[in-house]
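Examining the three-dimensional arrangement
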Amino acid sequence: GRITMPANLAAQYGCGSVTLIPGASGASQADYRCYSGARDSFNYQATNLIMTPQERTNAFFLANYQITDSINAFAQVYHNKTSSNFAIAALPFDARSDKVVISADNFYNPFGVNFGADVAGNTYDQFLTRFTSLGQRRSYYSTVTDQVVAGLEGFVGDTSWKWDVAMNYGHYTRENTSYGYVYYAGLRDALGPSFQDTDGVVKCGSPGSVITGCTPLNIFNINDPQTISTLEDYEARPTYSTTYQMRSFEANANGELFTLPAGAAQLAVGVSWREEYQKNSVDYIAIADPDGNCFISQEACGTPLSGKYNVKELYGELYIPLLSEVPFAHLLAVTLGSRYSDYNTFGNTTNSKVQLEWRPIENLLLRGTVAEVFRAPTIDNLYSGASGDAPQLNDPCLGYGAAGAPRDHEAACGAPTGATAIPATGIAPAANSQTNGVWSGSVAAGFELKPEQGKSFDWGVVYDPEWLPGFSVSLDYWRLYLNDTINRADAQTVTEICYEDGSSPFCGFINRFSDGQVNFIREPIVNLGRLDTKGGDLALRYRLPDTAWGSYTFGLDGTYIARYDNNTNPASPTNPITHVAGTYNNSYGLYSRIRGRLFVNWQKGDLGASWRVRYIGPFDIANSDAGCNPISAPQFCGVVSSYGSYFVHNVSASYALPWFNSKVEVGLDNVFDKQPPMLYQN
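Remember, predicted model here, so these are calculated numbers, not experimental data.

This part is about the overall build of the protein chain. The number of helices and strands found in the protein chain is 7 helices and 38 strands. Taken along its principal axes, the extent of the C-alpha atoms in the protein chain is 105 × 55 × 55 Å. The 682 residues of the protein chain split such that 41% are buried. Intrachain contacts of the protein chain at a sequence separation of at least 6 include 66% that bridge at least 24 residues.

Take a look at the structure:
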């Protein structure tokens, strides 16, 4: 563990924080030495599971019934049950963030000062440890998903018109129980004042005022048998459940509308209605208060919440052939489409597209599409209840407000009672302990979530040359931009946006102790900014003429990302744009500029084989222009770690059994056991 010392004891040890000497009892101040992060930090990764144990059971039922020559009834039923669990490192205990006071009058406290914080927000020196004697934190999940789709489909007389109507009902329930947590309401008494009574037994409370049913806890030595036994008495096992339900109805029709000189105009139309509902239930001991705390560790706290929304939609798409079989226009056609959506949560919207296809000659196709892009918030974006987590944070306010230094970022760095609550010496520059965060959907955080909106542009060419039968090539350019992108605002993003813009609504997500250190940060789903991306796709196909040795097909698919920029706060002129293209970013993933796939298929009679190569191009971690944060991590500005490209080879072989209507296939993935590069979060 790590214990922060008051000034008089810090001078005694010659350092600001101490840790227990291995093997010592912790009963006297001589049992401690200065804490060294390099030597004494807890390696939590060593006990985190890498693979998630799980078991899945699936069943499905499909049915069709031909009612008449032109009407067919269908039904689809799906069932899935998944049992899974995870295990991570033992529970971290931060007496301040967990609102527990280790009393100066606790019998086992050798320092004679308070540590931690109380529920009223009064803070003392920090005390950090891990409840390793309780074992790993672990949770066991049971998830059941069911879906039913049923409807009718058919034709209208002898016309080209087809229609279908269907209803869709689905739901899932997820229940889980967590282990390895501690009931802090009891722990507060166990760590409060205690004394050794005349019978030699250490008791909670004070002489003449003993707290019944309470056993004092020696948290200064978590490996002591008495400590282990007492902790087990206070272990908590909260339960949680989530229920989701979806109901929808839709009707569609499509067919030829009228005939033009260049061909038949075709129309597709449809209407739909959908309702989604979600409910989160939380164990009583894990229900979070407005500050994100509950009777157990903040990371296991949550809020019960339920909500629903519905949407009514109408769409139409019209294909019009303009020219056909004329000079410079073997085919010229346009497609117009539009969709009207009415959400009861935020209103209605109409999004349209126009698509053009032109074949100047039979073997050459030029195509282009311009479309309005729209994405509504999901039920999870809106109604996920609050839950605790432990985000990584480089707090830009550490060291802020020191004597003589300006205080021009009060919204981000000010304490709950205002800037005057920050000590005259400023916020301690030492690194935070584990930061507490509160994840949630937008409703739980009181944030008005809007839909994403933008446009997409696609232009392409397809060529199938007559002089090389079996060969085709296509090349497409695409560009997309989205405004008001929906993402989770992590603790780092929240603090940085507020630090730069004190009027940002994100400032209300930051909660600090009276000394300016972080208490907790809300991390809800929000509209974060703008996304811009563009690039190109290439596809080659070549099927050789059949030979006595069989038939061969070759293919190549490739993608080039020219741009992938995320701006989390366009309103701020100083907000850095994250240029993701060509990099690995822990918030977005791996975005190599070039990715590709090469394959060869061989077939002779019932025997077949294939060889596939996947290519991941070179990439960087960080980059020289905006791969760092000048506020919280200026030491990484301009630092680039470059990684090379790599290939993965897969092979397979198959044999058809037509007499049994079956096929047998065997394969080997990653033939040469290529290991991907090791990447780091920061």
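Structure's up, so let's keep going.
Glancing now at the nonpolar core. Formed by 43 residues in total, the largest nonpolar core has its most connected members in Phe 93, Phe 111, Phe 131, Leu 187 and Phe 220. At the level of secondary structure, the elements contributing two or more residues to this core comprise helix H1 (7-13), strand S12 (181-182), helix H3 (184-190) and strand S14 (202-206). In terms of nonpolar packing, the next biggest core, distinct from the first, is built from 34 residues, Ala 376, Tyr 400, Ile 427 and Phe 506 among them.

Turning to the packing of aromatic side chains, a few remarks are in order. On inspection of all chains with the given rule, the structure shows 26 aromatic pairs. For the ring pair Tyr 343 and Phe 346, a centre distance of 4.8 Å and an interplane angle of 20° mean the geometry is stacked. On the accessibility criterion, Phe 346 (30% relative accessible area) is partly exposed. Each residue in the set Tyr 32, Phe 111, Phe 115, Phe 127 and Phe 220 is aromatic and connected to the rest through ring pairs, giving one cluster. The ring centre of Tyr 35 lies 5.2 Å from the NZ or CZ of Arg 2, which sits over that ring.

All right, on to the sheet that holds strand S35 (residues 619-621) then. Ordered in space as S32-S31-S35-S36, the 4 strands form an open sheet in which the pairing is mixed. This sheet does not close on itself; its edge strands, each paired only once, are strand S32 (589-591) and strand S36 (641-643). The mean inter-strand angle of the sheet, taken between neighbouring strand axes irrespective of direction, is 30°. For S35 and S36, the ladder comprises 3 bridges, and the chain directions are antiparallel. Following the sheet pairing, Asp 620 is matched in S36 by Ser 642.

Scanning the model with the defined rule gives 20 salt bridges in all. Arg 137 is the salt-bridge partner of Glu 299, the closest N and O atoms lying 2.6 Å from each other. With a gap of 162 residues between them, Glu 299 in the loop between strand S18 (263-282) and strand S19 (305-326) and Arg 137 in strand S10 (residues 137-155) connect regions that are remote in the sequence. Exposure class is identical for Glu 299 and Arg 137. Each is buried. Among the salt bridges present, the one from Asp 395 reaches Arg 512, with a minimum N-O distance of 2.9 Å. In this pair, Asp 395 sits in the loop between strand S23 (387-389) and helix H6 (410-413) while Arg 512 sits in strand S27 (residues 510-512), placing the two residues 117 residues apart along the sequence. Residue Asp 395 is classed as buried on the basis of its relative accessible area, which comes to 7%. Because the salt bridges share partners, they merge into one network encompassing Arg 33, Arg 39 and Asp 40.

The strands that make up a sheet pair up through hydrogen bonds in the backbone, lying either parallel or antiparallel. Strand order across the open sheet formed by 3 strands is S13-S14-S15, with antiparallel pairing between neighbours. At either end of the open sheet lies a strand with only one pairing partner, and these are strand S13 (194-196) and strand S15 (209-210). The sheet contact formed by S14 and S15 spans 2 bridges and is antiparallel. Within S15, the position partnered with Gly 205 by the bridge is Val 210.

Taken across its 10 residues, helix H7 (residues 491-500) has 9 buried, putting it largely inside the fold. Here H7 has its buried residues at Ala 491, Gln 492, Thr 493, Val 494, Thr 495, Glu 496, Ile 497, Cys 498 and Tyr 499. Elements in contact with the buried residues of H7: H6, S27 and strand S28 (518-543).

We now examine a nonpolar patch on the surface. Among the surface-exposed residues, Leu 475, Leu 538, Leu 556, Leu 598, Trp 611, Val 651, Leu 668, Val 671 and Phe 672 lie close enough to one another that they form a single nonpolar patch of about 740 Å² accessible area. Position of Val 671 relative to the elements: it lies in the segment after strand S38 (662-668).

For the rest of this paragraph, the subject is the state of the cysteines. Overall, the coordinates contain 5 disulfides when judged by the stated rule. Cys 294 shares a disulfide with Cys 301; S-S distance 2.0 Å. In this structure the cystine formed by Cys 294 and Cys 301 twists about its S-S bond by roughly -85°; its chirality is therefore left-handed. One disulfide in the model links Cys 498 with Cys 507; its S-S distance is 2.1 Å. Across the disulfide from Cys 498 to Cys 507, rotation about the S-S bond amounts to roughly 110°, and the bridge is consequently right-handed. For Cys 498, a relative accessible area of 1% gives the class buried.

For the rest of this paragraph, the subject is the pairing of strand S37 (residues 646-657). Judged from the 10 bridges that link them, strand S34 (residues 607-616) and S37 form a sheet pairing that is antiparallel. The partner of Arg 614 across the bridge, within S37, is Val 648. Bridge count between S37 and S38: 7 bridges; the pairing is antiparallel. Bridge pairing links Ala 656 to Lys 663 in S38. Taking the residues that link successive antiparallel strands as the turn, the S37-S38 hairpin has 4 residues, and the phi of Asn 661 there is positive, at about 55°.

This part is about unusual backbone geometry. A positive phi angle, close to 55°, is found at Glu 325, a residue other than glycine. Structurally, the position occupied by Glu 325 is in strand S19. For Glu 325, a relative accessible area of 60% corresponds to the exposed category. Here the phi dihedral of Asn 661 falls at roughly 55°; this positive angle occurs in a residue that is not glycine.

What follows is about the environment of Ala 10. Within the secondary structure layout, Ala 10 lies in helix H1. Judged by its relative accessible area of 17%, Ala 10 is buried. When the C-alpha positions of Ala 10 and Thr 198 are compared, they lie 35 Å apart, and in sequence the two are 188 residues distant.

Definitions and cut-offs
Residues numbered from 1 in each chain as written. Predicted model: local features only at pLDDT ≥ 70, side-chain atom pairs only at ≥ 80, totals over all residues. Heavy atoms only, no water. Helix = DSSP H or I, 4+ residues; strand = E, 2+ residues; numbered from the N terminus. Buried < 20%, exposed > 50% of the residue type's maximum accessible area, 1.4 Å probe, protein only. Contact = heavy atoms within 4.5 Å. Core = buried A, V, L, I, M, F, W, Y, C linked by side-chain atoms within 4.5 Å. Phe/Tyr/Trp six-rings, centres within 6.5 Å; stacked < 30°, edge-to-face > 60°. Lys NZ or Arg CZ within 6 Å of the ring centre and 35° of its normal. Pairing = 2+ DSSP bridges. Axes fitted to C-alpha atoms, helices over the stretch in contact; angles between N-to-C directions. Salt bridge = Lys/Arg side-chain N within 4 Å of Asp/Glu carboxyl O. Patch = residues over 30% accessible without salt bridge, like charges linked within 9 Å, V, L, I, M, F, W, Y side chains within 5 Å. Areas by Shrake-Rupley, 256 points an atom, 1.4 Å probe, with all protein chains shown as cover. Disulfide = S-S within 2.5 Å.

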